[in-house]
Amino acid sequence: MTTIQLSFDDLKQIALTGKVEKSGVTLVVGRPLIPDITTDASGMSGEVRFTVDERELPRPGLR
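Residues numbered from 1 in each chain as written. Predicted model: local features only at pLDDT ≥ 70, side-chain atom pairs only at ≥ 80, totals over all residues. Heavy atoms only, no water.

*Asks:* Is there a simple way to explain the overall build of the protein in this structure?
*Replies:* The helix and strand tally for the protein stands at one helix and four strands. For the protein, the sequential pattern of α-helices and β-strands runs α-β-β-β-β. Counted over contacts in the protein with a minimum sequence separation of 6, partners at least 24 positions apart contribute 29%. A total accessible area of about 5,200 Å² is found for the protein, and carbon and sulfur atoms account for 54% of it. (Helix = DSSP H or I, 4+ residues; strand = E, 2+ residues; numbered from the N terminus. Contact = heavy atoms within 4.5 Å. Areas by Shrake-Rupley, 256 points an atom, 1.4 Å probe, with all protein chains shown as cover.)

*Asks:* What exactly am I supposed to notice about the side chain of K12 here?
*Replies:* Within the element layout of this structure, K12 appears in helix α1 (residues 8-17). Assessed through its relative accessible area of 17%, K12 is described here as buried. The contact partners of K12, leaving out residues within four places of it in the chain, are I37, T39, G43 and V48. (Buried < 20%, exposed > 50% of the residue type's maximum accessible area, 1.4 Å probe, protein only.)

*Asks:* Just checking my understanding: could you explain the confidence of the model for the protein for this structure?
*Replies:* Note that predicted coordinates carrying low pLDDT should not be read in detail. Here the protein averages 83 in pLDDT, and 87% of its residues register 70 or above. Of all helices and strands in the protein, the one with the weakest mean pLDDT is strand β3 (residues 33-39) (85), whereas strand β1 (residues 19-22) scores best (93). (pLDDT = per-residue confidence, 0-100.)

*Asks:* Just to check I follow, could you spell out unusual backbone geometry for this structure?
*Replies:* With the exception of glycine, most residues fall at negative phi, and the peptide bonds are largely trans. One non-glycine residue with positive phi stands out, namely S23, at about 55 degrees. Within the secondary structure, S23 is located in the loop between β1 and β2 (25-28).

*Asks:* Please clarify how α1 should be interpreted in this entry.
*Replies:* A turn of α-helix holds 3.6 residues, and therefore any two residues three or four places apart point the same way. Where α1 is concerned, the buried positions are F8, D10, K12, I14 and A15. In the core, the buried residues of α1 are packed alongside β1, β2, β3 and β4 (46-52). Following α1 by one or two positions, G18 adopts a phi angle in the positive range, close to 85 degrees.

*Asks:* Looking at this structure, how should I read the environment of E47?
*Replies:* Within the secondary structure, E47 sits in strand β4. Each C-alpha atom, one on E47 and one on I37, is 5.9 Å from the other, the two residues being ten residues apart in sequence. Ignoring any residue separated from it by four or fewer positions in sequence, one finds E47 in contact with F8, D36, I37 and T38. A distance of 3.1 Å separates polar atoms of two side chains, one belonging to E47 and the other to R49. (Polar contact = N/O pair within 3.5 Å; in protein donor to acceptor, adjacent residues only side chain to side chain.)

Have a look at this one:
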């Protein structure tokens with residue numbers, strides 16, 4: 001198993017674009033995670049918080 005350490009900038013990149021490349025691996029995050037970013041004036045520190053959208057998503061072919 002490989003462990004990839006994610007920094008604040010990595011988490012911020014995921015929250016802004018939905019993906020980040022780290023150590024030759026591209027990590028892609030989409031729904032149901034919803035990002036919320038709070039940074040200081042420099043944008044170099046702050047908080048990245050992900051919440052889970054637990055609403056039932058429509059599934060193709062099911063009604």
